[in-house]
Amino acid sequence: MRVIWILCAISAAQSHDLKIINSKRYLTIDEMYKALKILAARAPGSVEMKSIGNTYIKGKTFQHEIYLITIGNKKIQFIFDCGIHAREWISPATCLYLIQRLIQNFEANRLYLEGTSEFPGRRKKVSLFNYQWQFVPMVNPDGYMTTHQKDLEGEDIHRLHRKNRRPRQAMSNLSKKMKEHCEDEGGCEGVDLNRNFLAGWGKGHKDFEVDSKKPWTSVYKGSHPISEPESKALHDHINKKKKKNYSALIPLL
């Protein structure tokens, strides 16, 4: 919450050109990516948007890019990942808000340093510009897309989808009994990306250790750590940067 407090405390210019994101409703994945691309195009001196991977899985008919937003160029970095659980819409919405506010402030600071505008407020006392801010605003775009699909009346299958969209047919580690359960009961699509990382993979409460092995549960950990393209994209990005000065890695779940 300290980040939001800092942003709110700065009386930076509210440039109309950089007020892109509609915060009155939750955006679809296409609307989100479009807004981020517009922000990056309008503030190239302050922000970079690039793909660090995609959600391709053999046998799946759709895929999305996984983007990294970088604001500022300092050595000490904060990195936020958002939207790892598809149904938790507030997570990427929070990231979008932070991204837009940071870009507005960094652009105001950049123009001030170039001598082309006045910087409102007490700039010298603000530490905001002493860091680089990195965001993966949507770790699970396939799952998020699913939660915006319309459910049949009385159902919430799509809206409450939590995992990614790995097809059951692309799960190679299932026993015959598991496959029969999936075919009879359904619900076996996807891996819980938050349980797919190396640290503590499959470890935890006794009930979780049992449930995380079952592909029909919402906490299915996957066949092995970093088995999913989404978790691999985030894992690889952090490992490539591990020699740099990360001050914090902050998941916004």
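In this report, we go over the structure that sits alongside the text.

The rules behind these values
- Residues numbered from 1 in each chain as written.
- Predicted model: local features only at pLDDT ≥ 70, side-chain atom pairs only at ≥ 80, totals over all residues.
- Heavy atoms only, no water.
- Helix = DSSP H or I, 4+ residues; strand = E, 2+ residues; numbered from the N terminus.
- Buried < 20%, exposed > 50% of the residue type's maximum accessible area, 1.4 Å probe, protein only.
- Contact = heavy atoms within 4.5 Å.
- Areas by Shrake-Rupley, 256 points an atom, 1.4 Å probe, with all protein chains shown as cover.
- Core = buried A, V, L, I, M, F, W, Y, C linked by side-chain atoms within 4.5 Å.
- Phe/Tyr/Trp six-rings, centres within 6.5 Å; stacked < 30°, edge-to-face > 60°.
- Lys NZ or Arg CZ within 6 Å of the ring centre and 35° of its normal.
- Lys, Arg positive; Asp, Glu negative; His and termini not counted.
- Salt bridge = Lys/Arg side-chain N within 4 Å of Asp/Glu carboxyl O.
- Pairing = 2+ DSSP bridges.

**Some thoughts on the overall build of the chain**
- Looking only at helices and strands, one finds seven helices and five strands in the chain.
- Within the chain, buried positions represent 45% of all 253 residues.
- A separation threshold of at least 6 residues defines the contact pool for the chain, and within that pool the share at least 24 residues apart is 74%.
- Surface exposure of the chain reaches about 13,900 Å², of which carbon and sulfur atoms provide 51%.

**Observations concerning the nonpolar core**
- Counting 34 residues, the largest nonpolar core has L36, I69, I71, I103, W133 and F135 as the members making the most contacts within it.
- Contributions of two or more residues to this core are made by α2 (29-42), β1 (47-54), β2 (65-71), β3 (76-82), α3 (90-113) and β4 (132-136).
- What F135 contacts, discounting residues up to four positions off in sequence, is Y67, L68, I69, I71, F80, C95, L98, I99 and L102.
- Counting residues in each nonpolar core, the second largest holds nine residues, with L68, V139, L193 and A233 among its members.

**Here we look at the packing of aromatic side chains**
- Using the criterion set out here, one finds nine aromatic pairs in the structure.
- On the basis of an interplanar angle of 90 degrees and a centroid distance of 4.8 Å, the ring pair of Y33 and Y67 is categorised as edge-to-face. In this pair, Y33 sits in helix α2 while Y67 sits in strand β2, placing the two residues 34 residues apart along the sequence.
- Accessibility expressed as a relative area gives 13% for Y67, which makes it buried.
- Members of the aromatic cluster, connected to one another through ring pairs, are F78, F80, Y131, W133 and F135.
- Above the ring of F62, the side-chain terminus of K60 is found at 4.8 Å from the ring centroid.
- A cation sits over an aromatic face here: K221 above W201, 4.0 Å from the ring centre.

**Description of the side chain of K221**
- With respect to the helices, strands and loops of the structure, K221 is situated in the loop between α6 (206-211) and α7 (229-240).
- No salt bridge is formed by the buried K221; its nearest oppositely charged neighbour, E209, is found at 8.0 Å.
- Not counting chain neighbours up to four residues away, the residues in contact with K221 comprise V191, R195, N196, W201, G202, S212 and K213.

**As for the environment of K34**
- Among the secondary structure elements, K34 is positioned in helix α2.
- Taking the C-alpha atoms as reference, K34 lies 9.6 Å from I21; in sequence the two are 13 residues apart.

**Focus: the pattern of salt bridges**
- The final tally for this structure, using the stated rule, is nine salt bridges.
- One network of salt bridges, in which partners are shared, links R162, D192 and R195.

**What to know about the side chain of E228**
- Of note, E228 is situated in the loop between α6 and α7.
- Overall, the relative accessible area of 2% leaves E228 in the buried class.
- Those residues within four positions of E228 in sequence are excluded, and the remaining contacts are I57, N164, R166, V191, L193 and N196.

**Some remarks on unusual backbone geometry**
- A positive phi angle is found at I226, which is not glycine, with a value near 60 degrees.
- With respect to the helices and strands, I226 occurs in the loop between α6 and α7.
- Its relative accessible area of 14% is what places I226 among the buried residues.

**Section: the pairing of β4**
- Counting buried residues along β4, five of its five residues qualify, which places the element largely inside the surrounding structure.
- In β4, alternate side chains face the same way, and those of Q132, Q134 and V136 on one face and W133 and F135 on the other are all buried.
- Direction of pairing for β2 relative to β4: antiparallel, over a ladder of three bridges. When the sheet's bridge partners are listed, T70 is paired in β4 with Q134.
- One ladder, built from five bridges, connects β3 with β4; its direction is parallel. Bridge pairing in β4 places D81 opposite V136.

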